[in-house]
Amino acid sequence: MNSLHLCSSRLRRPMLTAGVASLLAIFTPHAQAAVSFLGVSAGDATSTSAVFWTRAVDSAAPASTTLALETTSDVAFVSGVNRVASACTTDAAKDYTCKLQLNGLTPNTMYYYRFVAPSGETSVIGRVKTAPDASASVPVHFGFSGDNDGLMRPFALATVLPSQNLDFYMNLGDVIYETASNLTASGAHNGASWLNSAPVTVSGSSASLNGVPTSTGFATAAQLKADYERKYRENFLPVNTGGQNSLQVMYAAQGNYTTWDNHELGNRQYINGGAPAGGSVGGPDGTDMPTGRGVDARKNGAGNPDNVNDVNSSTGDYMNRANGFHVLQNVFLNYQPIADRGFVNSPSDPRTNGTKRMYSAQQWGKNAIFINTDTRSYRDLRIKTADGSADDTSAPRANNPGRSYLGATQFAWLKQTLLDAQNAGTQWKFVSLSDPIDQLGPLGGALKLDSLPSFGTGSAYSPVNSDGGKSYIGGYRAERNSLLKFIADNHINNVVFIATDDHQNRVNEVAYSPTDTENQTTYVKVPYSFSIVAGPLGATGPDAITNHTFAMAKQYADSITAAQRAAGIEPLGLMGYPGLHGVFREGDPTADTATQAVDFYSPDTFNFVMLDVSADGNELTATVMGMDATAQNSGIEYSSGPQARKILSFKVNAAPRTVASAGPKGLTVTSRQITLDGTASTSADGKPLTYAWSIPQGQGYPSAAILQAETATPTVQFNQRQAVYTFQLTVTDSTGTSATDVVTVNYAGN
C-alpha cells in the first residue's frame, strides 16, 4: 500500500510536482476491482469524532455493499490500525454513498483512513485532524474557498491543497453546478462520456422568478435526484488520461467543513428555503410534487400584490418543506461528510421548526472558533424589480425588517454563539456565509466605474460593481445591520466573516448604521471585524480576464475605490485597520509601507485563502494562494498549466484585551499586613479600570480583611492563623467588559 506523501507547504514547483505525483498515485481508484471507490472524504471533526464518507459500487452489478473502515495515526498503516468491520452499507437510494461518524478519537491528532470492500478492494487514503481541546493554546491553520463549476474540470488548483497540510478546509458552497459543460470542445482528452455533461432538468420557472411561476415541463423528484447525483459524481472523475481525478484529491487531503449555496439547489425557486413554496410542480402535467413551484418575486407583480411574498410569516408554507427541496438537500448531504445533527426544535419559529439542522460551531483550541451558517434553508424570497429584469435591492423592500437571511432561530443562535465566545475569551471568531457580508456598491444601486483597465484582447469581462439581491446587504439589509450592530454594541472583537460566491478575491472592513440603515452617511465600521471573499476554486468570471498583470489589478481596484469614496462607502481593503502589518502583494514592492486597495484584491485568479492563528491567539495571518484563471472547458492539468503562487498576504494583531493581573504569584510573607498589586491590569480601550478585590468562598476559617478593596493596591490584614490565602481581582473597563485573576499568598507569620 502506498503511503501518503506529505510535501512542503512552500509552493516551489519541483516540490509540488513530486507531491502531486505521489498523491495521484494514491488517489486513483483500482481499475480492476469489482467494487470501485469514487473517492473519500472526512469532515465535521470535533475533538473526539469525525464523519467518514465514500461512494463504492460494482458498476457491472450495482448492489448494496457493506464496507469496513480503517483508521490510524500511522501514515503507512503499519501500527495502531483500528478497523470497524461493518462501518457502513452503501445504498442505491443514496447513490451507493455511505458515511459513518466515528467517536472516541484523540484530540488534536491527524488520522489516516481508508475504506475496504468485502473482497479486499481498498479506497484511496484520506486524512483528517481532530480539533484540539478547547483549553489548548495551539496554532490553527485552515483554508477555504468554493465555487466548483464543471466547466473548469479537473480543477487544477485543487492539486495544491494537499501540500498545504491544513488542519481543515472549508468548502463554502456551490460545490457543484447544475449547468452544462463540454470539455470535448477542446479535444478528446480521455474520451470519457462525462466530458460532455448535460445540464440538469430544470426544477422550475426562470431563475429570475420574473412572473407567476408555472408548473409543467419541469423535473420530477426522480429526475432531480438522478441529475444532481450525476453532477456530484462528475466532480470526482478524471478528464485526461493519467490525470487528476478532479476534486477527489481535495476531498481526501484534509478534514472538511461544508456549506451549500444556490447551485446545489438548482439556482431557481428552491434557493429560497424560507419563501412560500407555491403550488404543485414537476412532470408533464405539473403535479409530480404537491408544492415547490415558487411564487412571483416581482415588485407588485400579478402574483405578488402589495409585495405579500417579500416576507413569509406563514405557519407552514415554506419552500424548505417542499419535496424538491428535500430531494436536493438529501443528495447534497449524501455526498458530503456532514454530521447528522437531527432536526431543529423551535416551536415558536415555524420557518425553522422541524427542519434539518445544518448550522454548527466548532471550537478549535483556546483561541479560535469556526461558526458555519446555513444561509439557504431559511432565507426569504430573492426579490425582483417590477419587470423582473433585475434584483430589487432598494428600500423599502430590501430593507424590510421582517425579511430574514438566516431565520429567527439561527440568527439568535449566531448572536449568542458570538457573545459566548467573546465572554469565554476566544480570540478569533470565524463566521462562514455563502454570500458576502461586505458592501461593494451603494445601497440599492451600482458604482459608476471610470478609468477601467484593459481586461485583455477581446475580453467580455463584466466588472463587479454592486451588491446583488442574494447578498446580505443587497436583499436582507435590516437583518445584516442588526447582526453587525449587535457585534459592535457587545464589543465582540476579532470577528472574521469568510465567504465566496462573487468569483473574485477581496478583503474589506464591514460597516453598519447605528441609527438609519438607509442613510449611508451614518455608516461606521464594526471595530476589529472584517470580511474575506475567496475563490473561485474553479468557476467562471476570472477566466474572462486574460490580462494577468499587476497593473490591470491596480487600475481596476483604484477605479472601484474612487467610485466608493464618491458614494461615501468604506473603500476596498484594510488600509488603516488597527494592528495591520506584514502586507504582501505580488507585484507591489511597497505593499507593507504604502498599502493600497490592490493589496487586498485579486479578480483574475482561481484561489483559496489560508488563515493562521498564532498559538497565543495574538496574531492572524491571511494568505491567498492562486493561479491565473484558465479557459472554460479547456481541461488543463496543473502540471501543464498556470502555477499557483502567493498572490497576497497580511497579518493583523488581535484587538487589545482587558486583562486582570492580581500581581506576583506564590508569595510567602510573615508580615500581618501587605499590599496587593493590580496595577499591571490593562484595559482594552485604554480608559481607566474599576477594581474589585474579594476573597473567594470556601476557604474555611476567616482568612483576612481587605482594606480599600476597590483600588488597584489594597491593603490586606491577616489574622493570626498561618495558611495559604487566595485573593481574587475583578477589573471592569468602560465598555462593561470584565476580567478576573487570582493570587495566592502563604502567610507564615505568628
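To be clear, the structure that these remarks concern was listed above.
Residues numbered from 1 in each chain as written. Predicted model: local features only at pLDDT ≥ 70, side-chain atom pairs only at ≥ 80, totals over all residues. Heavy atoms only, no water.

Draft legend 1. Region of interest: the overall build of the chain. Helix and strand content of the chain: eight helices and 30 strands. For a compact globule of 750 residues, the expected C-alpha radius of gyration is about 27 Å, and the chain comes in at 28 Å, within 12% of that figure. Taking the principal axes of its C-alpha atoms as reference, the chain extends roughly 95 × 65 × 55 Å. Expressed as a percentage of its 750 residues, the buried residues of the chain come to 59%. If you take every contact in the chain between residues at least 6 apart in sequence, the share linking residues at least 24 apart comes to 73%. (Helix = DSSP H or I, 4+ residues; strand = E, 2+ residues; numbered from the N terminus. Rg over C-alpha atoms; globule rule 2.2 N^0.38 Å. Buried < 20%, exposed > 50% of the residue type's maximum accessible area, 1.4 Å probe, protein only. Contact = heavy atoms within 4.5 Å.)

Draft legend 2. The state of the cysteines, seen in detail. All told, the structure shown has one disulfide when counted by the stated rule. Across a sulfur-sulfur distance of 2.3 Å, Cys88 and Cys98 are joined as a disulfide pair. Of this pair, Cys88 sits in strand E4 (residues 82-89) while Cys98 sits in strand E5 (residues 97-102), placing them ten residues apart in sequence. (Disulfide = S-S within 2.5 Å.)

Draft legend 3. Layout of the packing of aromatic side chains. Under the criterion given, the structure shown has 26 aromatic pairs. On the basis of an interplanar angle of 55° and a centroid distance of 4.7 Å, the ring pair of Phe168 and Trp364 is categorised as tilted. Taken together, the residues span a long stretch of sequence, with Phe168 in strand E9 (residues 168-172) and Trp364 in the loop between strand E13 (360-363) and strand E14 (368-372) at a distance of 196 residues. Taken individually, Phe168 and Trp364 each receive the classification buried, so the pair is uniform in this respect. Between Tyr461 and Tyr556 the ring centres are 5.9 Å apart and the planes differ by 80°, which places this aromatic pair in the edge-to-face class. Taken together, the positions of Tyr461 in the loop between strand E15 (428-432) and helix H6 (472-475) and Tyr556 in helix H8 (residues 550-566) put the pair 95 residues apart, joining distant regions of the chain. Looking at Tyr461, the relative accessible area reads 12%, which means it is buried. (Phe/Tyr/Trp six-rings, centres within 6.5 Å; stacked < 30°, edge-to-face > 60°.)

Draft legend 4. Region of the structure containing the pairing of strand E21 (residues 605-613). Among the nine residues of E21, eight are classified as buried, and the element is accordingly described as predominantly covered. Bridging between strand E8 (residues 140-145) and E21 involves five bridges; their strand directions are antiparallel. Bridge pairing links Val140 to Val613 in E21. The pairing of E21 with strand E22 (residues 619-628) spans nine bridges and is classified as antiparallel. Within E22, the position partnered with Asp612 by the bridge is Thr621. (Pairing = 2+ DSSP bridges.)

Draft legend 5. The sheet that holds strand E27 (residues 704-707), seen in detail. One open sheet accounts for three strands, arranged E25-E28-E27; its pairing is antiparallel. For this open sheet the edge positions go to strand E25 (673-675) and E27, each flanked by a neighbour on one side alone. Going from strand to strand, the sheet's axes swing by 25° on average, the running direction of each strand aside. Pairing between E25 and strand E28 (residues 715-718): three bridges, direction antiparallel. Among the inter-strand pairings, Ile674 is bridged to a residue of E28, identified as Val716. (Axes fitted to C-alpha atoms, helices over the stretch in contact; angles between N-to-C directions.)

Draft legend 6. Structural view of the packing of helix H5 (residues 408-423) against helix H7 (residues 477-489). Between H5 and H7, the least distance of the axes is 10 Å, while the angle of their chain directions is 20°. Taken together, H5 and H7 sit at an angle that is classed as roughly parallel. For the crossing formed where H5 meets H7, the hand is right-handed. Of the residues in H7, those in contact with Phe411, Leu414, Lys415, Leu418 and Leu419 of H5 are Glu479, Ser482, Leu483, Phe486 and Ile487. (Parallel < 35°, antiparallel > 145°, perpendicular 65-115°, else oblique. Left-handed = near helix turned anticlockwise from the far one by under 90°.)

Draft legend 7. Seen up close, the packing of helix H2 (residues 221-234) against helix H4 (residues 323-334). Interaxial distance between H2 and H4 falls to 9 Å at its minimum, and their mutual angle equals 25°. One finds that H2 runs roughly parallel with respect to H4. For the crossing formed where H2 meets H4, the hand is right-handed. Taking contact as the criterion, the partners of Ala221, Leu224, Lys225, Tyr228, Glu229 and Tyr232 in H2 are, on H4, Asn323, Gly324, Val327, Leu328, Val331 and Phe332. Of the residues that constitute the contact of H2 with H4, the class distribution is eight nonpolar, two polar and two charged. (Nonpolar A, V, L, I, M, F, W, Y, C, P; charged D, E, K, R; others polar.)

Draft legend 8. Representation of H7 within the structure. Spanning 13 residues, H7 covers 18 Å between terminal C-alpha atoms, matching the ideal 18 Å at 1.5 Å per step. Taking burial as the measure, the 13 residues of H7 include ten buried ones, the bulk of the element. Along H7, the residues that are buried comprise Arg477, Ala478, Glu479, Arg480, Asn481, Leu483, Leu484, Phe486, Ile487 and Ala488. Note on H7: the residue one or two positions beyond its end, His491, has a positive phi of about 55°. (Expected span 1.5 Å × (residues − 1).)

Draft legend 9. Spatial organisation of the nonpolar core. By size, the foremost hydrophobic cluster in this structure holds 58 residues, and its most contacted members are Phe430, Phe530, Ile532, Leu611 and Phe650. Here the element with the most residues in this core is strand E23 (residues 645-653); it accounts for four residues. Apart from the residues within four sequence positions on either side, Leu611 is in contact with Val140, His141, Phe142, Phe144, Phe430, Ile498, Ile532, Leu620, Thr621 and Ala622. By size, the runner-up hydrophobic cluster in this structure holds 53 residues, among which are Leu224, Val281, Ala322 and Tyr638. (Core = buried A, V, L, I, M, F, W, Y, C linked by side-chain atoms within 4.5 Å.)

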